[in-house]
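Structural description and commentary
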Amino acid sequence: MSIGFSQDDWVRNKENYRKWWAGDLGRPLIQFTVGGRNPGRSEPSIPAMDFISHYDLSITPEQIVDRWDYNLSSCKFLGDSFPTVWPNFGPGVAAAFMGAELKNDSGTTWFQPVNEVEIADLVLEYDENNFWFRRMSDIYRVAVDKWQGSVQLGMSDLGGNLDVLSSFRPSEKLLFDLYDYPEDVKEKTWDVHRLWWKYFDEFNSIIQPSNPGYTAWAAILSPDTPYYMLQCDFCYMIGPDMFDEFVKPELAETCKKLGNAFYHLDGPGQLPHLDSLLSIEELKGVQWIPGSGVPSWEYWPEVYIKIRDAGKLIQIYGDGNTLDAIYEQTDGYDGIILIGSAADEEDAMKTLEKYKVK
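All of the points below concern the structure found in this document. All of these numbers come straight from a predicted model, not from anything done at the bench. Each chain has its residues counted from 1, following the order in which its sequence is written. Local features in a predicted model are, by the rule used here, given only for residues with pLDDT of at least 70; side-chain atom pairs are given and counted only at 80 or more, and totals for whole chains, interfaces and linings are based on all residues. By convention in this description, side-chain values take in all heavy atoms of the structure and omit both hydrogens and water.

What to know about the overall build of the protein
A helix here means a DSSP run of H or I that spans at least four residues, while a strand means a run of E at least two residues long, and both kinds are numbered starting from the N terminus. Secondary structure assignment for the protein yields 12 helices and 11 strands. The C-alpha atoms of the protein give 20 Å as radius of gyration, which agrees with the globular expectation for 358 residues (21 Å, within 12%). Referenced to the eigenvectors of the C-alpha coordinate spread, the extents of the protein come out at roughly 55 × 50 × 35 Å. For every residue, the accessible area obtained with a 1.4 Å probe (protein chains only) is divided by the maximum for its type, and the residue is called buried under 20%, exposed over 50%, and partly exposed between those limits. When burial is assessed residue by residue, the protein has 54% of its 358 residues classed as buried. Looking at the protein alone, contacts between residues at least 24 apart form 73% of all its contacts between residues at least 6 apart. Here the protein holds 31 positive side-chain charges and 56 negative ones, and the gap between their average locations is 6 Å. As a reference, a globule follows 2.2 Å times the number of residues to the power 0.38, and the radius of gyration itself is taken over C-alpha atoms. Whether two residues are in contact is decided by their heavy atoms, any of which lying within 4.5 Å being enough. This count recognises Lys and Arg as positive and Asp and Glu as negative, with His and chain-terminal groups excluded. The atom standing in for a charge is NZ when the residue is Lys, CZ when it is Arg, CG when it is Asp and CD when it is Glu.

This is the structure in structure tokens:
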């Protein structure tokens, strides 16, 4: 038994996403993926892992893709959901491609410099033989060969501009560099920009054009135009003036190049930058993540209203009740996508029926 998603499903889904990006769908996009489908095959011997770098290096790309295939075959894709995977080697993995050391523990993956140098002496270069770049490329190639466009392959979490740089200048040192060596920071930020796009294009050269479209670690499908969920978690530690000086210029240029760009607004510490972000004409939308220890998604109406009033799209997580609350707060704004969770299929269907999702 194959993955339960037909070519007709892809045609319908892609058209709905095209309309949503254009503001013509007339409803929010709603994704629910639930388990319980008979995969029609035996379960692979290797376990499912969130971080692909946690697999022993003896595990082949073929085994990893086969595990993904089993997981997808066990799912039902409801509403605007679709089968998608992405190779998660940790947030900001572009740093590893540039020579940082990839470190694992049981719960996460992070990156640190092999040899720490001053910002002016930092050299960032493309290395086609980098181990982690080659491993990810091999996984993409195997997945393309396996699925031939029936599964959407998402872009890995390459990272944000200063986030990648902070892997080589651990955060407190980079903060001092902003004051002491601002021109060096700007120079290295544009080095990261150049290399980020090199990796983005290299991976797309493998997965396009067989991919149904473009997506990333946040699975918003963009059928025809490059999409990515941009971020700069480092900017939690800086004010609006520094954001505008060190982050926004590169971010705006990347938004312009992408076409369909979203921003990952992670936590209340990033809210001071929201007005500046919304002034970027080419930024299409914002993903608001309240974070732990603060009220959840539905308790931030002022954030959603501000995003809506700027004419931007909104991506949220949560369940049908979360969507109901935010939809009401924004006066029935259709430019919302819920990547949702549901207690079960019946629960998911109630929300889909309410919003007339077929």
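With respect to the pairing of strand β5 (residues 109–112)
What you see with β5 is a clean split: T109 and F111 sit on the buried side and W110 and Q112 on the side with no burial. Across 4 bridges, the pairing between strand β4 (residues 101–104) and β5 is antiparallel. Within β5, the position partnered with L102 by the bridge is F111. We treat two strands as partners when DSSP finds at least two bridges between them. Counting the residues in the hairpin turn of β4 and β5 gives 4 residues.

Structural notes on the pattern of salt bridges
Here a salt bridge means any side-chain nitrogen of Lys or Arg lying within 4 Å of a carboxyl oxygen belonging to Asp or Glu. Applying the stated criterion to the full structure yields 23 salt bridges. Across the salt bridge formed by K186 and E183, the nearest N and O atoms sit 3.5 Å from each other. You can see K186 and its partner E183 sitting in helix α7 (residues 182–207), 3 residues apart, about one turn around the helix. Relative accessible area serves as the criterion here: at 24%, K186 is assigned to the partly exposed category. Relative accessible area serves as the criterion here: at 53%, E183 is assigned to the exposed category.

Overview of the packing of aromatic side chains
For Phe, Tyr and Trp, rings pair up if their centres lie within 6.5 Å, where Trp contributes its six-membered ring, and each pair is then called stacked (planes under 30 degrees apart), edge-to-face (over 60) or tilted (otherwise). Counted according to the given criterion, the structure contains 27 aromatic pairs. Ring geometry for W196 and Y228: centres 5.0 Å apart, planes at 85 degrees, overall edge-to-face. Note that W196 is positioned in helix α7 and Y228 in strand β7 (residues 227–230), a separation of 32 residues in sequence. The same class applies to W196 and to Y228, which are both buried. A ring pair is formed by F200 and Y228, whose centres lie 6.2 Å apart and whose planes are at 85 degrees; its orientation type is edge-to-face. With F200 in helix α7 and Y228 in strand β7, the pair connects residues that are 28 residues apart, well separated along the chain. Side by side, F200 and Y228 carry an identical accessibility label, which is buried. Taken together, F97, Y126, F133, Y140, Y199 and F203 form an aromatic cluster joined through their ring pairs. Criterion for a charge above a ring: Arg CZ or Lys NZ at most 6 Å from the ring centre, at most 35 degrees from the ring normal. Cation over ring: K186 sits above F246, and NZ or CZ is 5.6 Å from the ring centre. Above the ring of Y126, the side-chain terminus of K198 is found at 4.9 Å from the ring centroid.

Regarding the packing of α7 against helix α8 (residues 240–258)
Working note: a packed helix pair is described by the angle between its axes plus the distance between those axes. Here the axes come from fitting lines to C-alpha atoms, over the contacting stretch only for helices, and the angles between their N-to-C directions go from 0 to 180 degrees. Where α7 contacts α8, the axes come no closer than 10 Å and their chain directions differ by 20 degrees. It follows that α7 is roughly parallel to α8 by the angle criterion. Relative to α8, the crossing made by α7 is right-handed. Where α7 approaches α8, its residues P182, V185, K186, T189, W190, H193, W196, W197 and F200 are matched on the opposing element by E245, F246, P249, E250, E253, T254, K257 and L258. Each residue is assigned to one of three groups, with Ala, Val, Leu, Ile, Met, Phe, Trp, Tyr, Cys and Pro labelled nonpolar, Asp, Glu, Lys and Arg labelled charged, and all others, Gly among them, labelled polar. Classifying every residue of the contact of α7 with α8 by side-chain character gives 9 nonpolar, 3 polar and 5 charged. Between 65 and 115 degrees an angle is taken as roughly perpendicular, under 35 as roughly parallel, over 145 as roughly antiparallel, and anywhere else as oblique. Crossing handedness follows the turn of the near helix against the far one: under a right angle anticlockwise gives a left-handed crossing, and clockwise gives a right-handed one.

A look at the sheet that holds strand β9 (residues 283–289)
If you walk across this open sheet you meet the 7 strands as β2-β1-β11-β10-β9-β8-β7, and the pairing is mixed. A single partner strand is all that each edge strand has here, and the edge strands are β2 (76–79) and β7. Neighbour-to-neighbour, the strand axes of this sheet turn through a mean angle of 20 degrees, independent of strand direction. In the sheet, β9 pairs with strand β10 (residues 313–318) via 3 bridges, with the strands oriented parallel. Across the sheet, V286 pairs through a bridge with I314, a residue of β10. The strands touched by helix α10 (residues 301–309) are β9 and β10; relative to β10, the strand with the most contacts, the crossing angle is about 150 degrees.

Looking at the environment of F82
Mapped onto the elements, F82 comes out in the loop between β2 and β3 (84–85). Residue F82 is classed as buried on the basis of its relative accessible area of 3%. A C-alpha to C-alpha distance of 8.9 Å links F82 and F32, two positions 50 residues apart in sequence.

Describing the nonpolar core
Here the nonpolar core consists of buried residues drawn from Ala, Val, Leu, Ile, Met, Phe, Trp, Tyr and Cys, with membership extended through side-chain atoms lying within 4.5 Å. Of all hydrophobic cores here, the largest spans 117 residues; its most connected members are F97, W147, L158, Y228 and Y263. Not counting residues within four places of it along the chain, the set of residues in contact with F97 comprises N130, W132, F133, M136, L158, Y199 and F203.

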